[in-house]
Amino acid sequence: MELSWLETFLQSKRTVWIVAAATIFLFLVANLPWQLDDYDQAKQAFTSFEMIKEGHWFYQHTPREHVATKPPVVGWISAGLFSLTRSWDLAWRLPSLLAAIAISVLLFRAASLAYGTIVGMIALSAFGLNLLSPRLATLVRTDMPLAFVIFLIGVLIWRKIQKEEAWKPRDRIYIFALLTVAMLIKGPIVYAFLLPGIALFQWHTWRGHGRARPPGAPRTARRLQGAWFGWWPWVASLGIFLLWAIGGILSQPGFFDEVVMREFLGRFGETIHRPQPLYFYVPHLVHKFAPWSVLMIALGIADLHSRKWQPRSVFRDMSPETFWLLCWSMGGLIVMSLIPSKRVDRIFPIVPPLCLLLAAQIGNVFANEQLRTRVCRWSAVALLLSIVVTGAYTISKVVSGYHDHRDALMLFGRDVRRETEAHHWRYEVVSAKDEGLLLYLRRTHFIEPNRAIAEWNRGNLDALVAPAEKAPALMRELHDAALSQLKSNERREGQGRSYVLITR
């Protein structure tokens, strides 16, 4: 049949390249000006910094010398990237950026092969043009790399179900490697995003397998094989993670309290971390994933309307691969909602499967010629809105960041490094609240005020970086001390803290 002008526009290579370029542009600029003062970025950045500076490759610390709570894989990647680029800014942010680009490419290819170029472009747009993905794409955190690894596992399961293929030993080794990487990125949280969906899919398939099969209906035995790859990859990858955890408990003071009790078990209680209501993720996800979340809901309502509001027929007619995408997305959402400790970025690994689920919805609707043009129109409107809303929001955040001098402390650190290197000053950093300060100054430890005074008066220090409020008291005790002209700007995200350089 002859394509409408809208369909021609949506499947044009030029349109795909425009969407891809807009996505990568937003990924690159969303967190400008780059700084480490929020979302625990300094803690994550410090792990790779400590690896290079002090050789702590398996167990690291925070800038305040507490035990680091995340396994070391992303830190290893950043340390390797620093060895290649010699730039910490690139080394810290490239893991998330490369993972985001890889998810985008994989999504586009998977959706295009299954449902056509138009649907692939919509899946790419849904992932790149929302309020979550650009924000996390260059954030110094583990969320994007974790989402990438989980997505690889989920897509492999999806393809096995789609092709009704049995799992081979090579596939299980591949899954084991991915699960191990996920475990060493963020621990057993990978279970929450995959196991519930697998269990729900298996239960539904077993239930359908036990019923009488209509004449001509496909067999389900092979579908069972496609959904479950066996126990040993799960057990073996968990065993490797437990070896790392047991090693930390035995060798690192405070590891059990900080990592096991507070970071892991504390998430399931309501005393250590701030609990949130059960429904917390749903409205945030609808908002952050808009307008694609609205399009998914609209497509679901339209499908129910065409079935005369009979929900059972939806699941009865749903293909196994689409049902897996539904189980994968909803299983992770339900389990994460049951955990009292919640934060919006933690639910991000369900966004890529939601994009693939949206692709499946549109691909199934395209089989109906009467609805095809209407859905193309809805998709085009969603694409336009996503470009306008995501672009405007991202650019406004960047403009306000520079206007409010959000990178003031980073610039101060750069100026201090330049000044101290030019004069060959020996200097230390007085204990401060901003953990990113150490990284801006490329130091590994704070120094307490009393020790700073003692070292200064012995002649072992030529300069000190100190919080402005501590400077007067320090200078009364320091011999021949003077304030440098270097001072950090106080207009940094509404915080009143500023820092000064004290010299002889």
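I will try to describe carefully the structure that is included in this document. For clarity, every value in this text was computed on a predicted model and none was experimentally measured. (Residues numbered from 1 in each chain as written. Predicted model: local features only at pLDDT ≥ 70, side-chain atom pairs only at ≥ 80, totals over all residues. Heavy atoms only, no water.)

## Overview of the side chain of Gln60
Thinking step 1. Among the structural elements, Gln60 can be located in the loop between α3 (41-54) and α4 (73-85).
Thinking step 2. A distance of 2.9 Å separates the side chain of Gln60 from the backbone oxygen of His56, its partner in a polar contact.
Thinking step 3. Discounting residues that sit within four places of it in the chain, Gln60 has contacts with Thr47, Glu50, Met51, His66, Val67, Ala68 and Pro72. (Helix = DSSP H or I, 4+ residues; strand = E, 2+ residues; numbered from the N terminus. Polar contact = N/O pair within 3.5 Å; in protein donor to acceptor, adjacent residues only side chain to side chain. Contact = heavy atoms within 4.5 Å.)

## Examining the environment of Ala481
Thinking step 1. Inspection of the secondary structure puts Ala481 in the loop between α23 (471-477) and β3 (482-487).
Thinking step 2. Note on Ala481: relative accessible area 22%, which makes it partly exposed.
Thinking step 3. Linking Ala481 and Ile502, residues 21 residues apart in sequence, is a C-alpha distance of 6.6 Å.
Thinking step 4. Setting aside chain neighbours within four positions, we find Ala481 in contact with Trp456, Met475, Ile502 and Thr503. (Buried < 20%, exposed > 50% of the residue type's maximum accessible area, 1.4 Å probe, protein only.)

## Quick look at the packing of helix α12 (residues 232-251) against helix α13 (residues 255-264)
Thinking step 1. At a closest axis distance of 8 Å, the pairing of α12 and α13 adopts a crossing angle of 145°. Contacts between α12 and α13 involve Trp244, Ala245, Gly248 and Ile249 from the first element and Phe255, Phe256 and Val260 from the second.
Thinking step 2. Each residue belonging to the contact of α12 with α13 can be placed in one class, and the counts come to 6 nonpolar, 1 polar and no charged. (Axes fitted to C-alpha atoms, helices over the stretch in contact; angles between N-to-C directions. Nonpolar A, V, L, I, M, F, W, Y, C, P; charged D, E, K, R; others polar.)

## Considering the packing of aromatic side chains
Thinking step 1. For the structure shown, the criterion picks out 22 aromatic pairs.
Thinking step 2. Pairing Phe58 with Trp76 gives two aromatic rings, centres 5.9 Å apart and planes at 85°, and the pair type is edge-to-face. Taken together, the residues Phe58 in the loop between α3 and α4 and Trp76 in helix α4 connect sequence positions 18 residues apart.
Thinking step 3. The exposure class of Trp76 is partly exposed, given its relative accessible area of 32%. (Phe/Tyr/Trp six-rings, centres within 6.5 Å; stacked < 30°, edge-to-face > 60°.)

## Some remarks on the nonpolar core
Thinking step 1. Residues Trp292, Trp324 and Leu437 are the most contacted members of the largest nonpolar core, which totals 133 residues.
Thinking step 2. In this structure Trp292 touches Ile122, Ser125, Ala126, Leu129, Leu358, Ser379, Ala382, Leu383 and Ser386, once residues within four positions along its chain are discounted.
Thinking step 3. Listed in part, the 13 residues of the second largest apolar core include Ile447, Leu474, Leu478 and Val500. (Core = buried A, V, L, I, M, F, W, Y, C linked by side-chain atoms within 4.5 Å.)

## Examining the pattern of salt bridges
Thinking step 1. Summed over all chains, the structure comprises 15 salt bridges.
Thinking step 2. We note a salt bridge from Glu435 to Lys43, for which the minimum N-O separation is 2.8 Å. On the criterion of sequence distance, the pair formed by Glu435 in the loop between β1 (427-429) and α21 (436-440) and Lys43 in helix α3 is long-range, its members being 392 residues apart.
Thinking step 3. By relative accessible area, which is 14% here, Glu435 ends up buried.
Thinking step 4. The partner of Asp415 in a salt bridge is Arg414, with the nearest N and O atoms 3.9 Å apart.
Thinking step 5. The exposure class of Asp415 is partly exposed, given its relative accessible area of 23%.
Thinking step 6. Looking at Arg414, the relative accessible area reads 36%, which means it is partly exposed.
Thinking step 7. One salt-bridge network, in which partners are shared between bridges, spans Arg141, Asp143, Lys186, Arg343 and Asp345. (Salt bridge = Lys/Arg side-chain N within 4 Å of Asp/Glu carboxyl O.)

## Concerning the packing of helix α2 (residues 13-29) against helix α19 (residues 369-403)
Thinking step 1. Running from N to C, α2 and α19 point in directions that differ by 25°, and their axes come no closer than 10 Å. Judged by the angle between their axes, α2 and α19 are roughly parallel. When the axes of α2 and α19 are compared, the crossing they make is left-handed. Note on element contacts: α19 touches α2 through Leu383, Thr390, Gly391, Thr394, Ile395 and Val398, opposite Val19, Phe25, Leu26 and Val29.
Thinking step 2. A breakdown of the residues in the contact of α2 with α19 according to their chemical character gives 7 nonpolar, 3 polar and no charged. (Parallel < 35°, antiparallel > 145°, perpendicular 65-115°, else oblique. Left-handed = near helix turned anticlockwise from the far one by under 90°.)

## Brief notes about the state of the cysteines
Thinking step 1. The final tally for this structure, using the stated rule, is 0 disulfides.
Thinking step 2. No disulfide involves Cys355; its nearest neighbouring cysteine sulfur is the one of Cys327, lying 18 Å away.
Thinking step 3. The thiol of Cys376 is not disulfide-bonded; the next cysteine sulfur, from Cys355, is found 18 Å away.
Thinking step 4. The buried category is assigned to Cys376, whose relative accessible area is 1%. (Disulfide = S-S within 2.5 Å.)

## Brief notes about the environment of Lys163
Thinking step 1. Secondary-structure assignment places Lys163 in helix α8 (residues 143-163).
Thinking step 2. On the basis of relative accessible area, Lys163 is assigned to the exposed category, the value being 53%.
Thinking step 3. Linking Lys163 and Glu321, residues 158 residues apart in sequence, is a C-alpha distance of 9.0 Å.

## Concerning α4
Thinking step 1. An ideal rise of 1.5 Å per residue puts 18 Å on 13 residues; α4 measures up with 18 Å between its terminal C-alpha atoms.
Thinking step 2. Of the residues making up α4, those classed as buried are Val73, Val74, Gly75, Ser78, Ala79, Leu81 and Phe82.
Thinking step 3. Looking at the residues trailing α4, positive phi occurs at Arg86, about 60°. (Expected span 1.5 Å × (residues − 1).)

## Here's the deal with unusual backbone geometry
Thinking step 1. Cis geometry marks the peptide bond from Leu32 to Pro33; its omega dihedral reads -5°.
Thinking step 2. Here Ala290 and Pro291 are connected by a cis peptide whose omega angle stands at 5°.
Thinking step 3. Mapped onto the secondary structure, Pro291 falls in the loop between α14 (281-288) and α15 (292-306).
Thinking step 4. Phi at Glu164 is positive, roughly 55°, even though this residue is not glycine.
Thinking step 5. Tracing the backbone through its elements, the reader meets Glu164 in the loop between α8 and α9 (169-186).
Thinking step 6. Since its relative accessible area comes to 21%, Glu164 is described here as partly exposed.

## A look at the sheet that holds strand β4 (residues 499-503)
Thinking step 1. Sheet architecture is open: 4 strands sit in the order β1-β2-β4-β3, paired in mixed fashion. Sheet topology places β1 and β3 at the edges, where each strand pairs with a single neighbour. Between one strand and the next, the sheet's axes are offset by a mean angle of 25°, whatever the strand orientation.
Thinking step 2. Set on the sheet, helix α20 (residues 408-423) makes contact with β1, β2 (463-467), β3 and β4; between it and β4 the angle comes to about 15°. (Pairing = 2+ DSSP bridges.)

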